[in-house]
There are 2 protein chains.
Amino acid sequence: MSLAHAILGFLREQAMTGYELKTLCFDHDAQHFWTADQAQIYRTLEGLEKRGHVTSRVKRQRSRPDRKVYSITPAGVEELDRWAATPAPLPPLRDPFLIQLRFADRLSDEDLLHIVRERRSAMQQRLDILRARAAEEAKGAGRDAILHRLTLGAAMSDARSTIDWLDGTLETLSDLIEQEHPTEPGTQSRLFARRTDERGSTS
Amino acid sequence: MSLAHAILGFLREQAMTGYELKTLCFDHDAQHFWTADQAQIYRTLEGLEKRGHVTSRVKRQRSRPDRKVYSITPAGVEELDRWAATPAPLPPLRDPFLIQLRFADRLSDEDLLHIVRERRSAMQQRLDILRARAAEEAKGAGRDAILHRLTLGAAMSDARSTIDWLDGTLETLSDLIEQEHPTEPGTQSRLFARRTDERGSTS
DNA sequence: CACAAGTATATGTGAAGACATATACAATGA
DNA sequence: TCATTGTATATGTCTTCACATATACTTGTG
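These numbers come from a predicted model, not from an experiment. Residue positions within a chain follow its written sequence, with the count starting from 1. Throughout, the order in which chains and ligands are written sets their labels, letters from A for the former and numbers from 1 for the latter. Predicted model: local features are reported for residues with pLDDT of at least 70 only, side-chain atom pairs are reported and counted for 80 or more only, and whole-chain, interface and lining totals are derived from all residues. Only hydrogens and water are set aside; all other atoms, that is, all heavy atoms of the structure, feed into the side-chain values.

Caption draft 1: Highlighting the relation of the copies chain B and chain A. Fitting of the copies onto one another was done by least squares over C-alpha atoms, counting residues only where both copies have pLDDT of at least 70. Each copy of the sequence occupies a distinct position, and chain B is placed on chain A by a rotation of 180° and an axial shift of 0.0 Å, giving an RMSD of 0.0 Å. Seen this way, the second copy is the image of the first under a two-fold rotation axis. A symmetric contact is evident, with 100% of the interface residues of chain B recurring at the interface of chain A. Two residues form a contact once any of their heavy atoms are found within 4.5 Å.

Caption draft 2: Just the packing of helix α1 (residues 2-13) of chain B against helix α4 (residues 74-84) of chain B, in detail. Residue and element names in this part refer to chain B. Where α1 contacts α4, the axes come no closer than 10 Å and their chain directions differ by 120°. In terms of axis orientation, α1 runs oblique to α4. The element α1 and its partner α4 pack so that their crossing is left-handed. Together, S2, H5, L8, G9 and R12 of α1 and G76, V77, E79, L80, D81 and W83 of α4 make up the contact between the two elements. Split into classes, the residues belonging to the contact of α1 with α4 amount to four nonpolar, four polar and three charged. To get an axis, fit a line to the C-alpha atoms, keeping to the stretch in contact for a helix; angles then go from 0 to 180 degrees between the N-to-C directions. Per the convention used, a helix needs a DSSP run of H or I reaching at least four residues, while a strand needs a run of E reaching at least two, with both numbered from the N terminus. Any angle between 65 and 115 degrees counts as roughly perpendicular, while under 35 counts as roughly parallel, over 145 as roughly antiparallel, and the rest as oblique. When the near helix sits turned anticlockwise from the far one by under a right angle, the crossing is termed left-handed; a clockwise turn instead gives a right-handed crossing. We call Asp, Glu, Lys and Arg charged. Ala, Val, Leu, Ile, Met, Phe, Trp, Tyr, Cys and Pro are nonpolar, and the rest, Gly among them, are polar.

Caption draft 3: Spatial organisation of the interface of chain B and chain A. Counting from both sides, the interface comprises 69 residues of chain B and, opposite them, 70 residues of chain A. A quick way to say it: buried area is the sum, across both parts, of accessible area lost when two parts are put together, with a 1.4 Å probe. Buried surface at the junction of chain B and chain A, summed over both partners, amounts to about 6,900 Å²; 64% is from carbon and sulfur atoms. Its largest share of buried area at the contact with chain A, chain B owes to L93(B), R102(B) and R143(B), together 13% of the area lost on that side. Salt bridges are counted wherever a side-chain nitrogen of Lys or Arg sits within 4 Å of a carboxyl oxygen of Asp or Glu. At the boundary of chain B with chain A, the tally comes to twelve salt bridges.

Caption draft 4: A look at the protein's contact with DNA strand C. Throughout, near means a residue has at least one heavy atom within 4 Å of the molecule or strand. What surrounds DNA strand C is a group of 23 residues, the closest being M1(A), Q40(A), Y42(B), R43(B) and K68(B). Sugar and phosphate atoms constitute 62% of the interface atoms of DNA strand C, taking the interface as everything within 4 Å of the protein. Here a polar contact is taken to be a pair of N or O atoms separated by no more than 3.5 Å, where protein atoms must pair a possible hydrogen donor with a possible acceptor and residues adjacent in sequence count only if both atoms sit in side chains. Between a base oxygen of DNA strand C and a side-chain N or O atom of R43(B), the distance comes to 2.5 Å. Within the side chain of R67(B), an N or O atom sits 3.4 Å from a phosphate oxygen of DNA strand C. Broken down by element, the surface near DNA strand C gets its largest block of residues, five residues, from helix α3 (residues 38-50) of chain B.

In short, shape yes, function no, at least from these values alone.
Structure (structure tokens):
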């Protein structure tokens, strides 16, 4: 269970509540490699406590709901290290967009180009966000900081290469469409308008 | 539900049984963009039949279990086209390996390099398989064939860029380790042995 | 001859994830 | 003052996916 180990990882850095794990860790730090639901986090914490990988103590608060602060146990640390050193199988290839593309032969030219362009723009947006985060966290030469930066780099490299592939795909498809029903010069439709920028935020 | 639409796509090309969908389609054609369990396929077919997107008729066989051949209905075709033209949200970034890397700061140098190298080799293997498939199916200039090749290209481009990132990561980590505890010339450990090939099958 | 592999469908079960909703109170802002 | 936002935990339910197992007959292999 990956989520459990991600939680152990964050708790090893600092004891925290479920709420903090969600808002500080999963919504920011881990955003580019693991996203998690609030409900899932709480239920996973329960499970970890049952297994003795974490412990909790409740802190009373007058003005707010009580905080249940979770700490990692030695058994939890051991489990995390064991898991982190065990090569995991590759995640299965599974992308709904590629299903769409695979079976897009009956789509109109407009719809076909549209879904690819939308995909590109969504990817560009993701890349922009990643770049912003990378710029923020550019400091630190310790092992931690370097590992953290490497994971960000993985996400960025992935987004970047996907965008490149989408651009190639767009060209292939444009050529195909043009070839299927050639237009006279001057009659060229807006469909084939070239992108104006290659890398910048397309927003 | 992506699986349902993938099934509709294959059935639009040809009426088939659940068994054929599994062995001919999902284990081969769709291997690089959607994998599916046999049980899932059968249950999804049931659901599609209830919704009127497919119909089935049973063919008696003396020597073998009966075949239940599924065909797509007009409603199914409509649903598929509608779905294929609707831009889907990006799949969430979620990779257990990046969790491992993010929290690998307490791993030994050996373990750290080991999981990255293992990952590289698994990716290389995936890429080799994809290349073999691309070589087999290099024919065809129709829309179908081109779209199919594009999806293969997506998977290959992804694997390739991941390998590049892993190579960069390996260098970063080697440098880091060397810097943390420098070795005298001649004492250099096997840890830092360079890869012998960049792109070929590392097997 | 025994055993494995291929053809074919189906069910049981459990984990993981997605989404909604309940509770409770404080501070902030329109 | 009324509504929203933030802090904080918890439960319910549904879908998707993964893994195991049952059934049944045939063909090929050692």
